[in-house]
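Next come the chains, spelled out residue by residue.
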Amino acid sequence: MSRGLFFSFILMVLSYQLQAQGWRKDEMEVVVKTATAADLQRLTSVSLPFEPASSDGSSARMYLVPKELEQLKTSGLDYRITIPDMNAHYAGYWDNPLVPPGYYTYEQIIAIVDSLATNFPSICKKEMLGTSVGNRQLAALKISDFVNDDENEPEIFFDGGIHGDEVGGSQNMIMFARDLCKAYGTDPAITDLINTREIWIYPMVNPDGRVAMSRYNNNGVDCNRDNGYMWDGEGFSPGAFSQVETKTLRNVIIDNQFVVYTNYHSGTEIISYPWSYRANSPRDLVHLNHLAQVYSTSSGYGSLTYGQGYIVMYAINGSTKDFQYGSLGQVGWSIEISNDKQPASSQISYYYNANKPSMLEVIKQCGWGLSGTVFDSLSGEPVRASVWVNDLYPVYTDPVVGDYHKYVVSGTYTLTVKANGYQTKVVTGITVPAQGTAVTDVQLAPEPGFYAYKVTSCRIPGNNFGDEGYTPGCIGKADSIPYSLGRTGWIILDMGDTIYNKDGNDFRLIQHGTTKKSFTVSGGNNIDGPFTIIGTATGTAAFDLGAVALSKVRYLQVKDNATGVVSGSGAGYNLDAVEMLNLPLVVRFNADATSPCAGATVNFADASFGNPTSWTWSFPGGTPSISTQQNPAGIRYDAPGLYDVSLTASDGFTTVTRTMHGYMNILEAPVASLGSDTTICMWNSLVLNAGNPGCRYLWSTGDTTQIITIDSTGTGLGTRDIWVQA
């Protein structure tokens, strides 16, 4: 039978809850023979979770308690119990005398993390992301040349140990981190990667699971089913991002802009990329497949199979890879590095060396494709924006630096850049080379208009394969390309900016299509809620936060109320856009000169959005130094230097301050000297130089350049006065 036939079946969901730590009482590992399609159908009908136990699809692995084993027996399938008692099997695992030189314990990995950060402080920094359910460290390493800075560089993330009993991923992570640090300054290739990339290594996503040698965290939840994008309650997950371990992983991913996210596993040998929740091809298929081929061919496996998780592995909801791609538009994948979940310690070096070349190559190529910066055309400040490449899933800029990066293969692309409070800009004809990057910097002009910015979580019950499930369809302005929520489905949106309760309606949901469908919208100020119901409506509808006594919201949850068709194209509420009706207060200003000479006066103008009603300006080094006018004029700067300018504005609901550091560059007043009076013969010419390069000039002749040439034409005998202002 084919692998595709095996792995296309859905991983079933159980309703029971695991014990608080380790495996369930009397839980066993069972391997089931799945030689034919009929076997698979029978296994699926048992309604118990399974995973592949062989790369050719001829067997499946299950974790069962005795009651569930009896349920399996009713299928008539051939099976064998490979581990009779999971808790007994792994008891004392970390007391094994082969550890070390076998696998590192949790404590040893943390000690190495600390040692690397201590001994290589210029390139290696420990990032304490949080603590687990069991109060163990959730610690990562950032490796880069200016490790404390956020630079305009591609970022890449590797993690391991999301399933604690799969020990090889964490082992590879800490070995790789150590090799990078030790090679810096001596290995030219690795040195270049560290100098031009920001490399994050997170050895243990689920340290409690590693200590207990359990797939699950200390709450009995499979953390790789708990992610919010297309969450569906698998792996005993009670809700999207319900666990501290998955919240922590999500936060570090959202707070950065990782071009590639790699999640290491064991249990087979394969690369699986999105989608894992559906068989439909992702829009970025060509690019995902190409980078997977790069990893495979660079590895030491000889041939490492790769493809969509749903097809080459098995169907799951709530995976890390689907979140990285679906919510953030970047490469996300799981890489299974060994058929055994705990290969013999003698094989540690083999599996590490089989993956190390691929890891280095992916770090190198994550900087290929498209990159650039997005800035405000007036202030020059970085802009928080979404970047759309052709019809692929959008990526996001770093709001601090303004840079964006997206991995694509060579070709010609169109770039569309969208940001709240700015005009959308389209750049066409961008050519990406076969090996390298096309850099395109973009300046955006301010313009009112604020819409949903990013998808954080969503669910379509049953996944509704009859509809694409195109979540970016509800981001940005209404464009008749909606996202269909699915019957009783929901989505959580980050608005990017806070919606404040002001006069009248504060925001509206825009539905695509003529058939009005019912929905309920709720709001909150934390990505995980709680969410307060704001209202229920049909079609396109506007809402007033004041109706439910909410002063502000940042996140909106939209739920379909089971109207319309049950499944298929367009099932559920068809959300085209969410628009803020009362613009948030965004403070901006400009000046008629930012580099005048000392003694000059400057006129300032308010360019804020959101209908401000009061203004307080601060002009350090200027006279006057404070103003409450909307557009203060005649501010004089007498001393050369760099000066900040601040504007605090209020609309009666909110108060916002904007400071532009070093905005005013006051120059030394120039001294122009044309020398002594000069006598020239009739019809001859004379060159005059006002000096002070870079200044503005006005000559008595009307010229405005630094150097002019004059002659005696029309003067005849006599004198002629020439003056210049600089």
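Residues numbered from 1 in each chain as written. Predicted model: local features only at pLDDT ≥ 70, side-chain atom pairs only at ≥ 80, totals over all residues. Heavy atoms only, no water.

*Asks:* Provide a residue-level description of the packing of helix α6 (residues 168–183) against helix α13 (residues 348–365), including the pertinent values.
*Replies:* Contact geometry for α6 and α13: axes closest at 10 Å, N-to-C directions at 60°. In terms of orientation, α6 lies oblique with respect to α13. Regarding α6 and α13, the two cross each other, and that crossing is right-handed. Across the interface between the two elements, Gln171, Asn172, Met173, Met175, Phe176, Asp179 and Leu180 of α6 pack against Ile348, Tyr351, Tyr352, Asn355, Lys356, Met359, Leu360 and Ile363 of α13. Residue composition of the contact of α6 with α13, grouped by class: ten nonpolar, three polar and two charged. (Axes fitted to C-alpha atoms, helices over the stretch in contact; angles between N-to-C directions. Helix = DSSP H or I, 4+ residues; strand = E, 2+ residues; numbered from the N terminus. Parallel < 35°, antiparallel > 145°, perpendicular 65-115°, else oblique. Left-handed = near helix turned anticlockwise from the far one by under 90°. Contact = heavy atoms within 4.5 Å. Nonpolar A, V, L, I, M, F, W, Y, C, P; charged D, E, K, R; others polar.)

*Asks:* Describe the packing of aromatic side chains, with residues and values.
*Replies:* A ring pair, where both rings are aromatic, is described by two values, the distance of the centres and the angle of the planes. Within this structure, the stated rule accounts for 31 aromatic pairs. When the centroid spacing of 4.9 Å and the interplanar angle of 85° are considered together, the rings of Tyr93 and Trp94 count as edge-to-face. Seen in terms of ring centroids, Phe158 and Phe176 are 5.8 Å apart; in terms of plane orientation they differ by 75°. Their pairing is edge-to-face. Of this pair, Phe158 sits in strand β7 (residues 155–160) while Phe176 is found in helix α6, placing the two residues 18 residues apart along the sequence. Connected via pairs of aromatic rings, a cluster forms that spans Tyr229, Trp275, Tyr277, Tyr325, Tyr393 and Tyr470. The lysine or arginine in question, Arg250, covers the ring of Phe241, its NZ or CZ lying 4.8 Å from the ring centre. Above the plane of the ring of Tyr470 lies Arg283, whose end atom (NZ or CZ) is 3.7 Å from the centre. (Phe/Tyr/Trp six-rings, centres within 6.5 Å; stacked < 30°, edge-to-face > 60°. Lys NZ or Arg CZ within 6 Å of the ring centre and 35° of its normal.)

*Asks:* Tell me what's going on with the pairing of strand β21 (residues 454–459), and back it up with residues and numbers.
*Replies:* Here β21 lies mainly inside the structure; five of its six residues are buried. Note: β21 against strand β23 (residues 490–500), five bridges, orientation antiparallel. Residue pairing across strands places Lys454 opposite Asp494, the latter belonging to β23. (Buried < 20%, exposed > 50% of the residue type's maximum accessible area, 1.4 Å probe, protein only. Pairing = 2+ DSSP bridges.)

*Asks:* Report on the pattern of salt bridges, specifying residues and quantitative values.
*Replies:* Counted according to the given criterion, the structure contains 31 salt bridges. The residue Asp114 makes a salt bridge to Lys126 at a minimum N-O spacing of 2.6 Å. Remark: Lys126 occurs in strand β5 (residues 124–131) and Asp114 occurs in helix α5 (residues 106–119); sequence separation between them is twelve residues. On the basis of relative accessibility, which here comes to 31%, the residue Asp114 falls in the partly exposed class. (Salt bridge = Lys/Arg side-chain N within 4 Å of Asp/Glu carboxyl O.)

*Asks:* Talk me through the confidence of the model for the protein; I want residue IDs and the actual numbers.
*Replies:* Mean pLDDT over the protein works out to 92, with 95% of the residues at or above the 70 mark. This stretch, residues 1–20, has a pLDDT under 50; its non-local contacts, to residues over four places away or in other chains, come to 82 contacts. (pLDDT = per-residue confidence, 0-100.)

*Asks:* Describe the sheet that holds strand β38 (residues 655–666), naming the residues involved and giving the relevant values.
*Replies:* With respect to topology, four strands assemble into an open sheet ordered β35-β33-β37-β38, the strand pairing being antiparallel. Only two strands of the sheet have a single partner each, and these edge strands are β35 (626–627) and β38. The sheet contact formed by strand β33 (residues 614–618) and β35 spans two bridges and is antiparallel. Following the sheet pairing, Ser618 is matched in β35 by Ile626.

*Asks:* Break down empty space enclosed by the protein for me, with residues and values.
*Replies:* With the rule as written, the count across this model stands at six cavities of 30 Å³ or more. Taken as a whole, the second largest cavity spans an internal volume of roughly 180 Å³. Lining the second largest cavity are 22 residues, and of these Arg225, His265, Met313, Tyr314 and Glu336 lie nearest its centre. Among the secondary structure elements, those contributing two or more residues to the lining of the second largest cavity are β2 (51–52), β10 (268–273) and β12 (331–338). Considering only residue class, the lining of the second largest cavity consists of four nonpolar, ten polar and eight charged. (1 Å grid on protein atoms, 1.4 Å probe; cavity = no way out; pocket = protein on both sides within 12 Å on 5 of 7 lines; lining within 4 Å. Points joined across faces, edges and corners; volume = space filled by probe spheres on them.)

*Asks:* Residues and numbers for the packing of helix α10 (residues 285–298) against α13, please.
*Replies:* Two numbers describe how α10 lies on α13: the axes approach to 8 Å, and their chain directions differ by 145°. Between α10 and α13 lies a crossing whose hand is right-handed. Along the contact surface, α10 presents Leu291, Val294, Tyr295 and Ser298, while α13 presents Asn355, Pro357, Ser358, Met359, Glu361, Val362 and Gln365. When its residues are assigned to classes, the contact of α10 with α13 shows six nonpolar, four polar and one charged.

*Asks:* Can you lay out the side chain of Gln171 for me, pointing to particular residues and giving the numbers?
*Replies:* Within the fold, Gln171 resides in helix α6. Overall, the relative accessible area of 3% leaves Gln171 in the buried class. Apart from residues no more than four positions distant in its own chain, Gln171 is found in contact with Gly102, Tyr103, Tyr104, Arg210 and Ile348.

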